[in-house]
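# Coordinate analysis (summary)
Here are the chains, one letter per residue:
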Amino acid sequence: MAAGGAADAQARFGHSVKGLLTEKVTSCGTDVIALTKQVLKGSRSAELLGQAARNMVMQEDAILHSEDSLRKMAIITTHLQYQQEAIQKNARQTFRTS
C-alpha cells in the first residue's frame, strides 16, 4: 500500500510539474510575443523618424529655394520701379514740350 501511495504521489507531483512547466512555457511565449511587438514598434519608430528627417530636408530645400526666388523678385521689383519712374519722367517731359 505504501508503494501504491508513493506512486500515486509521484504521479500527482509529475502532473503538477507538467502543469507548472506548461504555465511557464505559455508565459515565456507571451513574453516573446510582447518583446517581438516592442522590437517591431521600435523599428517602425526609427523608420518614421527617418522619414521625418527626409521630409525636413526636403522642406528646408523648398524654403531655401523660396527665399532665393523672393530675393530675385525683390530685384525685379526694384528694376520695374526704376523703369516706371523713367517712363513717368519721360511722359512728363513729352507733355510739357507739346
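The sections below set out a description of the structure shown in this document. Computed from a predicted structure; not experimentally measured.

Looking only at helices and strands, one finds one helix and zero strands in the chain. Within the structure as shown, the chain displays about 9,000 Å² of accessible surface, and the carbon and sulfur contribution to it stands at 65%.

It is worth spelling out the pattern of salt bridges at this point. Scanning the model with the defined rule gives four salt bridges in all. The closest approach of N and O atoms between Arg 44 and Glu 47, which form a salt bridge, is 2.8 Å. Of the two residues, Arg 44 and Glu 47 both sit in helix H1 (residues 2-97), three residues apart, roughly one turn of that helix. Through salt bridges with shared partners, one network takes in Glu 67, Asp 68, Arg 71 and Lys 72.

Conventions and cut-offs
Along each chain, numbering runs from 1 in the same order as the chain's sequence is written. Local features in a predicted model are, by the rule used here, given only for residues with pLDDT of at least 70; side-chain atom pairs are given and counted only at 80 or more, and totals for whole chains, interfaces and linings are based on all residues. Hydrogens and waters are ignored; side-chain quantities use all the structure's heavy atoms. Strands are runs of DSSP state E lasting at least two residues, helices are runs of H or I lasting at least four, and both sets are numbered from the N terminus onward. For every accessible area listed, the method is Shrake-Rupley and the probe measures 1.4 Å; residues are considered covered only by the protein chains on display. Between Lys or Arg on one side and Asp or Glu on the other, a salt bridge is scored when a side-chain nitrogen of the former is within 4 Å of a carboxyl oxygen of the latter.

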